[in-house]
Amino acid sequence: MPTPTAAPASIALGIVGTGRIALSDHLPALRRIPRWRVAALCDTDPERLARAGEFFPDATRYADHRALLQQSGLQALGILTPPSSHAEIALHALAAGLHVLIEKPLAASVAECDALRVAAAAADRVALVGYNTRWHRLARRARQLLQQGAVGRVQAIRSTYTHRMSARDLPAAGHWHAGDGGLLMLEAPHHYDLWRYLVRQDVEEVYAAAQPDEGNPAASISARLSGGALVSAIMSAETNACSEIEVIGDRGRLLVSFYRADGLQLYPHTEPPGSLSGRLRRTAALLGEMPQIVGALRRGGAFRASFGAMWEHYASAIADGAPVECTLQDGLCALQTAIAVVESASSGLPVRLIDSASPIASEE
């Protein structure tokens, strides 16, 4: 009889920041993952902290992250606070010898990103940036199909991020240019990161136009990627929810709609629009994915399931040495794009990312 394999030891985790995204997505995901043991919670708001404590009643509660970092036995820290505080908290955690997961965007400036990269390397700690959409079931499958050449040479990307959130749901009163939030700095970076993740090309130049910030912010973005692909993007905060990326190549197009169970659609260049054979093929593919769809629905849907998959990956990176799939370098690239977009929207001029990080091909 084979010797039973011991269950992996749990990783003691502290969480700083128990706001909306923590309560709706991160904490429910962590409660379902045995490899994590949430031992400490921190927030300056007592009411939010109390709500977080309902998920983990045994966790010690703190009002200041410095006091939390003095708790013995912690191995990792999840930083789920507004971006302007990310660098300070992460630097303190790395100095204390903890691994860090930092919600997106990585920091408030390129200089802070550089400081984090230096500190993480010196501390030899695992650092992951929380672009959870990389772990979305459809994003993983889309990247695989694109790497297999499903659409051929990538020519263009159509990117749409809209939401039903109101200005009060976006920090800093919904200002699209605000460092601690807003559409172009807090929400749109999901797509800036996905452009690179899906087609493995860096953002070289952007041009953005935005409506005056009157509580219903919207923006259009044009970008050129390092492999020649062109991006056309629409971002809006007060409308129906939609998150879609369509990759167009010389052999077809691939549509990924992240809020739909049937959101992965491949249209080969040989298929006439609305063809019956194409519809039957996509229906058969959907039926084949039903076990994954049902599993994701049990975890709150594919988008919410992506948080669990991200935390599972992070545990594996710490405990098993698995390569980190969303690095500080990736976080820097997304932030550089966000800063360039805001600069272009403010000036009305295109912005070239001259000092962008090294090409994504070097990360593989």
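Residues numbered from 1 in each chain as written. Predicted model: local features only at pLDDT ≥ 70, side-chain atom pairs only at ≥ 80, totals over all residues. Heavy atoms only, no water.

Is there a simple way to explain the confidence of the model for the protein chain in this structure?
Close reading of the predicted structure is inappropriate where its pLDDT is low. Summing up the model confidence of the protein chain, the mean pLDDT is 87 and the portion of residues at 70 or higher is 81%. This model gives residues 1-7 a pLDDT under 50, and the stretch forms zero contacts once residues within four places in sequence are excluded. Low confidence marks residues 356-364, where pLDDT is under 50. Its contacts with residues over four positions away, or in another chain, come to 21 contacts. (pLDDT = per-residue confidence, 0-100. Contact = heavy atoms within 4.5 Å.)

What's the story with the side chain of H99 in this structure? I'm lost.
Topologically, H99 is positioned in strand 5 (residues 99-103). Assessed through its relative accessible area of 9%, H99 is described here as buried. A polar contact of 3.4 Å, which involves the side chain of H99, links it to the side chain of R125. Setting aside chain neighbours within four positions, we find H99 in contact with Q75, A76, L77, R125, V126, Y314 and I318. (Helix = DSSP H or I, 4+ residues; strand = E, 2+ residues; numbered from the N terminus. Buried < 20%, exposed > 50% of the residue type's maximum accessible area, 1.4 Å probe, protein only. Polar contact = N/O pair within 3.5 Å; in protein donor to acceptor, adjacent residues only side chain to side chain.)

Explain the packing of helix 8 (residues 189-199) against helix 12 (residues 328-347) here, please?
Any two packed helices are characterised by the angle at which their axes cross and by the distance between the axes. Interhelical geometry of helix 8 versus helix 12 gives an angle of 125° and a closest axis separation of 9 Å. As the angle between them shows, helix 8 and helix 12 are arranged oblique. In this structure, helix 8 meets helix 12 at a crossing whose hand is right-handed. Contacts between helix 8 and helix 12 involve P189, Y192, D193 and R196 on the former and, on the latter, D330, C333, A334, T337, A338 and V341. Taken together, the residues of the contact of helix 8 with helix 12 break down into six nonpolar, one polar and three charged. (Axes fitted to C-alpha atoms, helices over the stretch in contact; angles between N-to-C directions. Parallel < 35°, antiparallel > 145°, perpendicular 65-115°, else oblique. Left-handed = near helix turned anticlockwise from the far one by under 90°. Nonpolar A, V, L, I, M, F, W, Y, C, P; charged D, E, K, R; others polar.)

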